[in-house]
Amino acid sequence: MMYNSRINEYGADEYAFTLGYGEGLLSALYKLSDMSGNDNESLLSILSNSHPHLYKRIERLESLGG
């Protein structure tokens, strides 16, 4: 279930990018990444996350041209 939620989040990011909000979204994700600090998580925590890791979302948006 959480996997599906993470996939949907990537879709939402891509949709925001196509609407012209890519730079703002990237900026917000960078700020959240700076605030979150350490990214070490247990396997259970990783599997139960409803959102992809911030660095993966940033990487994907940058690959789209952001």
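Residue positions are given per chain, counted from 1 along the sequence in the order it is written. The predicted nature of this model means local features are confined to residues of pLDDT at least 70 and side-chain atom pairs, given and counted, to a pLDDT of 80 or more, with totals for whole chains, interfaces and linings taken over all residues. In computing side-chain properties, one takes all heavy atoms of the structure into account and sets aside hydrogens as well as water.

Caption draft 1: Spatial organisation of a nonpolar patch on the surface. Taken together, the side chains of Y15, L19 and Y21 present a nonpolar region at the surface, about 380 Å² in accessible area. What counts as a helix is a DSSP run of H or I of at least four residues, what counts as a strand is a run of E of at least two, and both are numbered from the N terminus. For L19, the position within the fold is in helix α1 (residues 2-36). Only protein chains enter the area calculation, which uses a 1.4 Å probe; residues under 20% of their type maximum are buried, those over 50% are exposed, and those in between are partly exposed. Residue L19 is classed as partly exposed on the basis of its relative accessible area, which comes to 47%. A patch consists of residues whose relative accessible area exceeds 30% and which take part in no salt bridge; residues with like charges are grouped when within 9 Å of each other, and nonpolar side chains (Val, Leu, Ile, Met, Phe, Trp, Tyr) when within 5 Å. Here the open area of atoms and residues is found with the Shrake-Rupley method and a 1.4 Å probe, where only the protein chains shown may cover a residue. Each reported salt bridge corresponds to a side-chain nitrogen of Lys or Arg within 4 Å of a carboxyl oxygen of Asp or Glu.

Caption draft 2: Local environment of the packing of α1 against helix α3 (residues 54-63). Axis geometry follows a simple rule: fit a line to the C-alpha atoms, using only the stretch in contact for helices, then measure angles between N-to-C directions, giving values from 0 to 180 degrees. Running from N to C, α1 and α3 cross one another at 135°; their axes reach a closest spacing of 8 Å. By the criterion of interaxial angle, the relationship of α1 to α3 is oblique. Regarding α1 and α3, the two cross each other, and that crossing is left-handed. For the pair α1 and α3, the contacting residues are E9, Y10, D13, E14, F17, L25, L26, L29, Y30, L32, S33 and S36 in the first and L54, K56, R57, I58, R60, L61 and E62 in the second. Residue classes follow a fixed rule: Ala, Val, Leu, Ile, Met, Phe, Trp, Tyr, Cys and Pro count as nonpolar, while Asp, Glu, Lys and Arg count as charged, and any other residue, Gly among them, counts as polar. Among the residues making up the contact of α1 with α3, the classes are represented as ten nonpolar, two polar and seven charged. Just so you know how the angles are binned, under 35 degrees is roughly parallel, over 145 roughly antiparallel, 65 to 115 roughly perpendicular, and the rest oblique. Each helix crossing is assigned a hand: it is left-handed if the near helix lies turned anticlockwise from the far helix by less than a right angle, otherwise right-handed if that turn is clockwise. When checking whether two residues touch, look at their non-hydrogen atoms; a contact exists if any pair is within 4.5 Å.

Caption draft 3: Summary view of the environment of E9. Here E9 lies in helix α1. Between the C-alpha atoms of E9 and H51, which are 42 residues apart in sequence, the distance is 6.5 Å. Leave out the neighbours within four places in its chain, and E9 touches H51, P52 and R57. Polar contacts here mean pairs of N or O atoms no more than 3.5 Å apart (in protein, one a potential hydrogen donor and the other a potential acceptor; neighbouring residues in sequence count only if both atoms are side-chain atoms). Side-chain polar atoms of E9 contact the side chain of R57, separated by 3.0 Å.

Caption draft 4: Geometry of the pattern of salt bridges. Scanning the entire structure with this criterion turns up three salt bridges. E9 is the salt-bridge partner of R57, the closest N and O atoms lying 3.0 Å from each other. With R57 in helix α3 and E9 in helix α1, the pair connects residues that are 48 residues apart, well separated along the chain. The class for E9 is buried, based on a relative accessible area of 18%. Across the pair D13 and R57 runs a salt bridge, and its minimum N-O distance is 2.7 Å. In this pair, D13 sits in helix α1 while R57 sits in helix α3, placing the two residues 44 residues apart along the sequence. For D13, a relative accessible area of 5% gives the class buried.

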